Amino acid sequence: MTMSSDHPPPPSDQPKPPPPTTVRKLIVEVIEARELLPKDGQGSSSPYVVADFDGQKRRTSTVVKNLNPVWNEGLEFVVTDPKTMEFEELNVEVFNDKKLSNGNARKNHFLGRVKLYGSQFVRRGEEGLVYFTLEKKSVFSWIKGDLGLKIYYYDEIAEEPPQEEEAPPPQEEQQQQAPEEVMKKPVLVVLEEPPPPSMQFPTTHHVAMDPRQHSPPMVVRFHEAPPHENGHGHGPPPENGPPPPPGFSPDLRKMQMGSNGMPAPPPTMDGERVKVMRRPSNGDYSPRIIAGKSAGDTSERFQAFDLVEPMQYLFVKIVKARGLSQNENPHVKIRTSGHFLRSKTAVIPPGTDSSANPEWQQVFALGYNKETAANSTLEISVWDGGASEKFLGGVCFDLSDVPVRDPPDSPLAPQWYHLEGGATAAEDQNRISGDLQLSVWIGTQADDAFPESSSADAPQPFVSYTRPKVYQAPKLWYLRVTILEAQDLHIIPNLPPLTAPEIRVKGQLGFQSARTRRGSMTHHTSAFHWNEDLFFVAGEPLEDSLILLIEDRTGKDPVLLGHILIPVGSIEQRINDRHVAPKWHSLEGGPGGGGGSYCGRVHLRMCLEGGYHVLDEAAHLCSDFRPTAKQLWKPAVGVLELGILGCRGLLPMKSKGNGKGSTDSYCVAKYGKKWVRTRTVTDTFDPRWNEQYTWQVYDPCTVLTIGVFDNWRMFAEPGGGGEEKLDCRVGKVRIRVSTLESNKVYMNSYPLMVLSRSGLKKMGEVELAVRFACPSMLPDTCGVYGQPLLPRMHHLRPLGVAHQEALRGAAARIVAAWLARSEPPLGPEVVRYMLDSDSQSWSMRKSKANWFRIVAVLAWAVGLAKWLDHIRRWKNPVTTVLVHVLYLVLVWYPDLIVPTGFLYVFLIGVWYYRFKPKIPAGMDVKLSQVDRIDPDELDEEFDTFPSSRPPEIVRARYDRLRMLAARVQTVLGDFATQGERIQALVSWRDPRATKLFIGVCLAITIIMYIVPAKMVAVALGFYFLRHPMFRDPMPPASLSFFRRLPGLADRLL
């Protein structure tokens, strides 16, 4: 076969009308301020507000003599570049007008400021009143109060005035000068390089660096933009590189930009070589560093912004065909030396009934090896899939001539190729006709077409179950429903005497249900009062309806007195603790069943809370703490990059027959609202994914979760028939972002372990590459550690622990239901495993683990007590003498006690620096107490609720739990007794003991008044550290006196 190409017809010469020009405007509505500081010298202030955005300044009017001013003024700004609006900064400052102050003030007094970023702006219609706490300008500023703002933006079509050709208008000159001013601004570039490593990964250039070369320390340079070559003015900066991720602070964005406005490589990857330390083995259950190859081997090199190994694929995109010979159901076959693929059923374009012009629009990705494919060919043939399959033509390609496409390049344009036949018979040549539009190129897994491509090992027809996907969890809200009162209810008459009706309100939202307590009545009115909050979790899109049922539970069977149906989308949203006005709602469907009769009314206050963070995972494992409302989001402090390399030594999860097993594994990673899923690599125990994903980090004290699963859903029955097959868990790894050093690449292998009824089993190892790219010690990064973990509303109106845990279970179910509706679906069993939905279930193993954690925390106190006991017993006389000298110094110079203590803590931290973890820790088998677990305790942990075990086993477990509870009861009783003895010192329950105690207190008082305190301290210290030859082996008199004090245990029944 030969390859030929037809050129498409030339494009039309008629120019297309230019698209309308839009201008984005930012509106800042300054509503009011609350509780400002008086700074005019007369006990008040005359404030005004100045807003600065993108070099534009706007000012409000001055409110005279008011600490709670109200402006209700809108300030309008023009957004120069909507694409970079998320990186712009809005500064809103409040000043006191010096003209209205007492005396001759030289400047306007500063009353506070608010700093916002473009990532917090919302479109018009989604805005809300937000009260921002005024911040200080410096450490010595005295600031107080809040500022209420409404911030939103909108796009409008700009009307361009007619322009003359002779001279450009002044506006164009300003637009031409604007980029020049931007280019002249100095840009901060931070280059940080660690010491020279023993293992190299060249990134920008494929040239190995000399390992003897010393890396320079961190360098901070300010670069001025070079003059433009064109003398007519400066043009806009080129846009060859990708823009920085959205939501970044300006400091972080400057680090990613070079001196000419082009994106620069990250600080750690520009000529940096990653040092990989080999850690001694601690067993099969410990994470280890992946051993690399020598520096001269080019197969292990990484490019900039790339943590994974490049894997080459041969991409074939079949678009459509035209002019085919007569056929019934055409399809395409693709064949190479090692692969054979068949396309899906062709689609007939609308408006044509003939199958001569079918369309496929399908991309195939075949594994490509440059060495083996040097002399290979690619055959693409079209066949008729009717009753008798016949050949319709084909095209042949030499793989050595196929072009290579890198990710920055644009997609390769498909071309028309004439179909030719390989037979010599005249009848075969006559029936072959038509053209096939396709494109062939060689790329990597970073290609845009890779996620939607079909591979050779993907099973049919469930190809979509094997593709990589990125999922976005739904936006969750807390729905607060406050039940105030109900009136005019149709209560059942003829109640027994002195019997008050039991009226309750039941709320339902989807699968969630909540009920109020019993309503209270007053003697003067028949209304029922509750004033109780019901909480639900609502997910966007807010399409569900809230159902409120008024029930009379006085009798045996509840009686429905009426109901209300309220769409959740119509409920008011709030993002702070402002007051929401309650409303009356009429009830429907009373006891009579009539729809038109009046059944009463209920007084409700409802709102969707946007100031809370809806927890869908445990608080100690949370990956995001941002509130629901976007207006309250802070800018991102960094970027988390994860490279999922692959797995090693997985165990077989399926049976193929003939005694052989197989595993079809894929990996899922979850951080924040973003879930990612790699492609499924079928029938291998050592899958290689080499896929890289990124997340924006808003709080480093969060956890990244990675799980590996075996795909069973791709073998489900077509049409959903038969039993549903769930994906099996292979293992899970958690990495806390705060344990990662800034701009450092970690390439480690983590063990995958699963705890089942039969015990702990190691399923294999997963290889990961992680990097947390962020400024090391900038104020934005360090300032996060001083901010509250949860949003402001969690502290103003906190939720109970039990209540919040119930809402977390509902949120997890909503997320699981949402992701299950995706294509391919992410099964509920996968979501529950990633979110640890069963982490609060009872387990004897977890109780033991928590107990040993407490013991480990208190180990330092026990060690200090043992050290003091050795000192006072003169185990080491030299140390004891030195402690005597140090004690004398601290007693004579008490001002040194506090700084000496902090110096000691500092020295401890420096000492433990030698033992800091070299790699992020994975799952700890010893800490989880799974290495020596009892089989019966493990069976109890996996038991259902309620229990499904025989009665005798349940009775034995209950008796064991009673024994454990008895020990805990005894310990709690001892703690209570010690506290009661302390109270008995002055409670006169034992008159003689109280007399002795207050007498000793009086004697100590007189001695302390007479004898200097330093002398008393020295005497007590030396008495405590006296030699054992002067000690009595019996307990001291003070301890014996305390043990004889009475408690309240003798008064218990």
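The rules behind the values
- Residues numbered from 1 in each chain as written.
- Predicted model: local features only at pLDDT ≥ 70, side-chain atom pairs only at ≥ 80, totals over all residues.
- Heavy atoms only, no water.
- Axes fitted to C-alpha atoms, helices over the stretch in contact; angles between N-to-C directions.
- Helix = DSSP H or I, 4+ residues; strand = E, 2+ residues; numbered from the N terminus.
- Parallel < 35°, antiparallel > 145°, perpendicular 65-115°, else oblique.
- Left-handed = near helix turned anticlockwise from the far one by under 90°.
- Contact = heavy atoms within 4.5 Å.
- Pairing = 2+ DSSP bridges.
- Buried < 20%, exposed > 50% of the residue type's maximum accessible area, 1.4 Å probe, protein only.

1. Quick notes on the packing of helix H6 (residues 801-820) against helix H7 (residues 828-835)
The geometry of H6 relative to H7 is characterised by a closest axis approach of 9 Å and an angle of 140° between their N-to-C directions. When the axis of H6 is compared with that of H7, the two are oblique. Crossing of H6 over H7 shows right-handed handedness. For the pair H6 and H7, the contacting residues are Arg808, Ala812, Val815, Ala816, Leu819 and Ala820 in the first and Pro828, Val831 and Leu835 in the second.

2. Observations regarding the sheet that holds strand E18 (residues 377-384)
If you trace the four strands from one edge of the open sheet to the other, you get E16-E15-E18-E19, paired in antiparallel fashion. At either end of the open sheet lies a strand with only one pairing partner, and these are strand E16 (340-342) and strand E19 (390-398). The average angle at which neighbouring strand axes cross in this sheet is 15°, direction not considered. Relative to E16, strand E15 (residues 330-335) is paired through three bridges, and the arrangement is antiparallel. From the neighbouring strand, arginine 335 faces E16, where its bridge partner is phenylalanine 340.

3. Describing the sheet that holds strand E41 (residues 728-736)
Pairing is antiparallel across the open sheet formed by five strands, whose spatial order is E23-E38-E37-E40-E41. Lying at the two open borders of the sheet, with one neighbouring strand each, are strand E23 (469-472) and E41. Here the average twist between neighbouring strands, direction ignored, is 15°. Relative to strand E38 (residues 674-677), E23 runs antiparallel, the two being bridged by four bridges. For valine 470, the partnering residue across the bridge sits in E38 and is valine 676.

4. Side note on the environment of glycine 764
Structurally, glycine 764 can be placed in strand E43 (residues 759-773). Assessed through its relative accessible area of 5%, glycine 764 is described here as buried. For the pair glycine 764 and leucine 752, spaced twelve residues apart in sequence, the C-alpha separation works out to 5.3 Å. Discounting chain neighbours no more than four positions away, the residues touching glycine 764 are Arg648, Gly649, Leu650, Tyr750, Pro751 and Leu752.

5. Observations concerning the packing of helix H10 (residues 877-892) against helix H15 (residues 1013-1024)
Running from N to C, H10 and H15 point in directions that differ by 160°, and their axes come no closer than 10 Å. Between H10 and H15, the interaxial angle falls into the category roughly antiparallel. Judged by the sense of rotation from one axis to the other, the crossing of H10 with H15 is right-handed. Contacts between H10 and H15 pair His884, Tyr887, Leu888, Val891 and Trp892 from the former with Lys1014, Met1015, Ala1017, Val1018, Gly1021 and Phe1022 from the latter.

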